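Working through the structure, step by step
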Amino acid sequence: MSTLKFYLRFLLLALLALAGASSYAEASLRDEVDLMEALKKQPPCCVIDARSEANQAKYALADALKYRPGLRIVPTASVVVVADDNPAALNVAQTLAKQHPGKNIYAVRGGVTAWEFVRKALEKFTASSSGAPPAGVSFVIPHNTCETGTPLQVLSGSTKAKP
């Protein structure tokens with residue numbers, strides 16, 4: 001009977017440890033809608049490309065870090081993981097979550113197609129909420145504005161035209 005109690009206690013402690021570890025690591029598989037909502041609140045600091053080399057060569061993700069075992073990152077915000085399939089994305093996200101407890105790490109359900117949809121939607125959202133000019137309106141910084149020396153143009157605070 002005492003060995004049975006020992007095994008039950010051991011099993012209970014193991015379950016508690018697993019429950020604590022799973023709540024400590026913040027990895028989740030998200031579809032487009034869930035991912036957009038989460039990233040509107042906290043944009044990602046980095047995107048991890050965990051796809052195969054062949055798929056990375058076919059379609060490169062802009063500004064994404066290529067995943068490799070032992071990859072070291074310093075996540076300052078949420079992290080997005082894109083892979084060839086959902087289990088692979090979740091596996092990489094869970095690996096990163098163990099290295100960075102308490103950080104939100106999102107595996108993209110639907111791979112690169114879903115991520116590109118989310119990325120474009122987020123670009124539209126940040127452009128509309130950042131006070132940027134509307135589509136079709138642009139502002140170009142004139143050439144030579146960062147050079148030292150005599151300024152090419154001097155702006156004055158006077159609203160009246162000088163004679």
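Worth saying up front: this structure is predicted, and the values here are computed from it rather than measured.

**Examining the overall build of the protein**
Scanning the protein for helices and strands turns up five helices and five strands. Overall, the protein shows an N-to-C arrangement of helices and strands of α-β-α-β-α-β-β-α-β-α. Counting contacts in the protein only where the partners sit at least 6 residues apart, residues at least 24 apart contribute 73% of the total.

**Let's talk about the state of the cysteines**
In protein structure, a disulfide is the covalent linkage between the sulfur atoms of two cysteines. Scanning the entire structure with this criterion turns up zero disulfides. In this structure cysteine 45 is not part of a disulfide, and its nearest cysteine sulfur, from cysteine 46, lies 3.6 Å away. According to the relative accessible area criterion, cysteine 46 is buried, its value standing at 12%.

**Brief notes about the sheet that holds strand β2 (residues 44–49)**
With parallel pairing, five strands are arranged side by side in an open sheet as β1-β5-β4-β2-β3. Sheet topology places β1 (26–30) and β3 (64–66) at the edges, where each strand pairs with a single neighbour. Strand after strand, the sheet turns through a mean of 25° between neighbouring axes, direction not considered. Where β2 and β3 come together, three bridges link them in parallel fashion. Bridging across to β3, aspartate 49 finds its partner in lysine 66. Contacts from helix α4 (residues 86–99) reach β1, β2, β4 (78–82) and β5 (104–108) within the one sheet, and its direction differs from that of β5 by about 165°.

**Examining the side chain of glutamate 116**
The topology assignment puts glutamate 116 in helix α5 (residues 111–129). When its relative accessible area of 10% is taken as the criterion, glutamate 116 is described as buried. Excluding anything up to four places from it in sequence, glutamate 116 contacts Tyr59 and Leu61.

**Topic: unusual backbone geometry**
With glycine set apart, most residues show a phi of negative sign, and most peptide bonds adopt trans. A positive phi angle, close to 60°, is found at aspartate 63, a residue other than glycine. With respect to the helices and strands, the residue aspartate 63 is situated in the loop between α3 (53–58) and β3.

**Thoughts on the nonpolar core**
Within the largest apolar cluster, 15 residues are counted, with the highest numbers of intra-cluster contacts made by Ile48, Ile73, Val79, Val81, Leu96 and Ile105. Looking at this core, the elements with two or more residues in it are β2, β4, α4 and β5. Broken down by element, this core gets its largest block of residues, five residues, from α4. Formed by 14 residues, the second largest nonpolar core is a distinct cluster that contains Ala38, Leu39, Ala114 and Trp115.

**Topic: the confidence of the model for the protein**
Averaged over the protein, the pLDDT score is 78; the fraction of residues at 70 or greater is 63%. Note on residues 19–25: pLDDT under 50 across the span, and three contacts to partners over four residues away in sequence or across chains.

**Digging into the environment of proline 44**
With respect to the secondary-structure elements, proline 44 resides in strand β2. Taking the C-alpha atoms as reference points, proline 44 and threonine 76, 32 residues apart in sequence, are found 8.4 Å from one another. Discounting chain neighbours no more than four positions away, the residues touching proline 44 are Leu39, Ala77, Ser78, Val80 and Trp115.

**Some points on the side chain of serine 78**
One can find serine 78 in strand β4. Apart from residues lying up to four places away in sequence, serine 78 is in contact with Leu39, Gln42, Pro43, Pro44, Cys45, Cys46, Asn104 and Tyr106.

Calculation notes
Residues numbered from 1 in each chain as written. Predicted model: local features only at pLDDT ≥ 70, side-chain atom pairs only at ≥ 80, totals over all residues. Heavy atoms only, no water. Helix = DSSP H or I, 4+ residues; strand = E, 2+ residues; numbered from the N terminus. Contact = heavy atoms within 4.5 Å. Disulfide = S-S within 2.5 Å. Buried < 20%, exposed > 50% of the residue type's maximum accessible area, 1.4 Å probe, protein only. Pairing = 2+ DSSP bridges. Axes fitted to C-alpha atoms, helices over the stretch in contact; angles between N-to-C directions. Core = buried A, V, L, I, M, F, W, Y, C linked by side-chain atoms within 4.5 Å. pLDDT = per-residue confidence, 0-100.

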